[in-house]
Amino acid sequence: MSNPNIRMHPKNFNVFMSGPPENLKLYTKNLLPGNKVYSENLIKFNDIEYREWNPYRSKIAALILEKPNTNFLSNDLKCLYLGASSGTTISHLSDIVKDGIIYGIEFAERSIRQLIQNTTNRNNIIPIFGDARYPENYANKIFTDIDLLYQDVSQPNQAQIAVANANYYLNDAGKLILAIKSQSIDSIVKSEEVYAQEKRILETSGYEIIESINIHKYAANHIVLIVSRSRSVRIGS
Ligand SMILES: C[S@@+](CC[C@H](N)C(=O)[O-])C[C@H]1O[C@@H](n2cnc3c(N)ncnc32)[C@H](O)[C@@H]1O
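Not measured: the values here are computed from a predicted model. In this numbering scheme, every chain counts its residues from 1 along its sequence in written order. Reporting in this predicted model follows two pLDDT cut-offs: at least 70 for local features of residues, and 80 or more for side-chain atom pairs to be given and counted; totals over whole chains, interfaces and linings ignore these cut-offs and use all residues. Note: side-chain values were computed over all heavy atoms of the structure, leaving out hydrogens and water.

### So, the site of the ligand
Close contacts around the ligand come from 18 residues, with Tyr-81, Thr-89, Glu-106, Asp-152 and Gln-155 the closest. Whenever a nitrogen or oxygen atom comes within 3.5 Å of another N or O atom, the pair is scored as a polar contact, on the condition that within protein one atom can donate a hydrogen and the other can accept it, and that pairs from neighbouring residues in sequence are kept only if both atoms are in side chains. Ser-85 is positioned with one of its side-chain polar atoms (N or O) 3.4 Å from an oxygen atom of the ligand. Starting from 610 Å² of accessible surface for the ligand in isolation, the protein chains cover 86%. Looking at the shell around the ligand residue by residue, the classes come out as five nonpolar, seven polar and six charged. Throughout, near means a residue has at least one heavy atom within 4 Å of the molecule or strand. In this description, accessible areas are obtained by the Shrake-Rupley approach with a 1.4 Å probe, and a residue is regarded as covered only by the protein chains that are shown. When residue character is reported, Ala, Val, Leu, Ile, Met, Phe, Trp, Tyr, Cys and Pro are called nonpolar, Asp, Glu, Lys and Arg charged, and the others, Gly included, polar.

### Observations concerning the pattern of salt bridges
Pairing between side chains of opposite charge can happen when their charged atoms approach one another. Salt bridge, as applied in this entry: a Lys or Arg side-chain nitrogen positioned within 4 Å of an Asp or Glu carboxyl oxygen. Taken as a whole and judged by the stated rule, the model has eight salt bridges. A salt bridge links Asp-95 to Arg-51, with the shortest nitrogen-to-oxygen separation between them at 2.7 Å. With Asp-95 in helix H2 (residues 88–96) and Arg-51 in strand E5 (residues 48–53), this pair connects stretches of sequence that are 44 residues apart. Neither Asp-95 nor Arg-51 differs from the other in exposure class; each is buried. In this structure, Asp-131 and Arg-133 form a salt bridge, with 2.6 Å as the shortest nitrogen-oxygen distance. Throughout, exposure labels follow a simple rule: accessible area from a 1.4 Å probe, protein chains only, divided by the maximum for the residue type, with under 20% read as buried, over 50% as exposed, and the rest as partly exposed. The buried category is assigned to Asp-131, whose relative accessible area is 18%. For Arg-133, a relative accessible area of 36% puts it in the partly exposed group. In this text, helices come from DSSP runs of H or I with a minimum length of four residues, and strands from runs of E with a minimum of two, each type numbered from the N-terminal end.

### Considering the packing of aromatic side chains
For this analysis, a ring pair means two rings from Phe, Tyr or Trp (six-membered ring only for Trp) whose centres lie within 6.5 Å, classed as stacked if their planes differ by under 30 degrees, edge-to-face if by over 60, and tilted for the remaining angles. Counting across every chain of the model gives seven aromatic pairs. Relative to Tyr-169, the ring of Tyr-138 has its centre 5.8 Å away and its plane inclined at 10°; by these criteria the two rings are stacked. Of the two residues, Tyr-138 is situated in the loop between strand E8 (125–129) and strand E9 (146–151) and Tyr-169 in helix H4 (residues 158–169); the sequence distance between them amounts to 31 residues. Residue Tyr-138 is classed as buried on the basis of its relative accessible area of 1%. Ring geometry for Tyr-168 versus Tyr-169: centroids 4.8 Å apart, planes at 50°, classification tilted. Three or more aromatic residues joined by ring pairs form one cluster here, namely Phe-16, Tyr-27 and Tyr-50.

### Let's talk about the sheet that holds strand E2 (residues 16–18)
Read across the sheet, five strands follow the order E1-E2-E3-E5-E4 without closing on themselves; strand pairing throughout is antiparallel. Of all the strands in the sheet, the pair left with one neighbour each is strand E1 (7–8) and strand E4 (42–45). Helix-sheet contacts for H2 involve strand E3 (25–29) and E5, and the interaxial angle to E5 is about 145°. Pairs of strands are assigned from DSSP output, requiring at least two bridges between the strands. Whether two residues are in contact is decided by their heavy atoms: any pair within 4.5 Å suffices. Every angle, taken between N-to-C directions, lies between 0 and 180 degrees, and every axis is a line fitted to C-alpha atoms, over only the stretch in contact when it is a helix.

### Examining the domain arrangement of the chain
Segmenting the chain into domains produces domain 1 (7–53) and domain 2 (59–236). Domain delimitation follows an automatic or database domain assignment. Averaged C-alpha coordinates put domain 1 and domain 2 at centres separated by 22 Å. Listed per partner, the contact involves 18 residues of domain 1 and 24 residues of domain 2. Taken together, the connections running from domain 1 to domain 2 amount to one salt bridge. Here the residues of the side of domain 1 that touches domain 2 sort into nine nonpolar, five polar and four charged.

### Brief notes about the environment of Ile-125
Within the secondary structure, Ile-125 sits in strand E8. Looking at Ile-125, the relative accessible area reads 7%, which means it is buried. Spatially, the C-alpha atoms of Ile-125 and Leu-93 are 9.2 Å apart, while their sequence positions differ by 32 residues. Non-local contacts of Ile-125, meaning those with residues more than four positions away in its chain, are made with Ile-90, Ser-91, Ser-94, Ile-102 and Thr-119.

See the structure below:
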């Protein structure tokens, strides 16, 4: 491969990029050089090993490529990740939030086994075998407050699950990032109607949609919402 000239992403903390704007590639610095988590490319540049971050495999990478205005990454972020699967996206977050912690909830036995295997040497990931529909059931394994709640579960009631977890864990200034797959909610109704319905659930539950980003280019029938507690709820609390 020719020299990719990897440089810092101008906006997103600890995210790196190469290539022209119309064909940007994303990377994170590999926390465990030499180790892959999925089939990602490992690339050495200026003596640092980077993992290429595939937007077709990871909705956060897709979101970043769609240029949201909101910054949501930092070095010491405490993150609750719902639907961690076998570790693709959570491993990139682990590269990014080096001094933070990420609790990864997954309810499929096979996936949690792979997640544990894939992330066992990543000390900032805590895999938790749990069902995101019942946030109180894993409360005894979460020992910090949460700055970022990320949800990517293909379930029919995605907004309700997000609200239940945000009410339980998210700190007042925290952000919720929610991938919504319309097909998991209703495969007959138009995607736009499904998205509108999920947004209404969030808003009537005391949350404010900061940004709604269409990532159809990378993941069919998906949008990603960036959400915070409504200002009136924060002031009133
Ligand atoms: C689309 S995949 C997630 C992919 C992952 N976020 C990534 O980018 O690496 C959805 C995952 O959510 C999990 N899931 C679905 N419903 C869940 C629930 N109620 N509680 C916990 N995990 C759930 C599934 O088992 C699956 O692994």
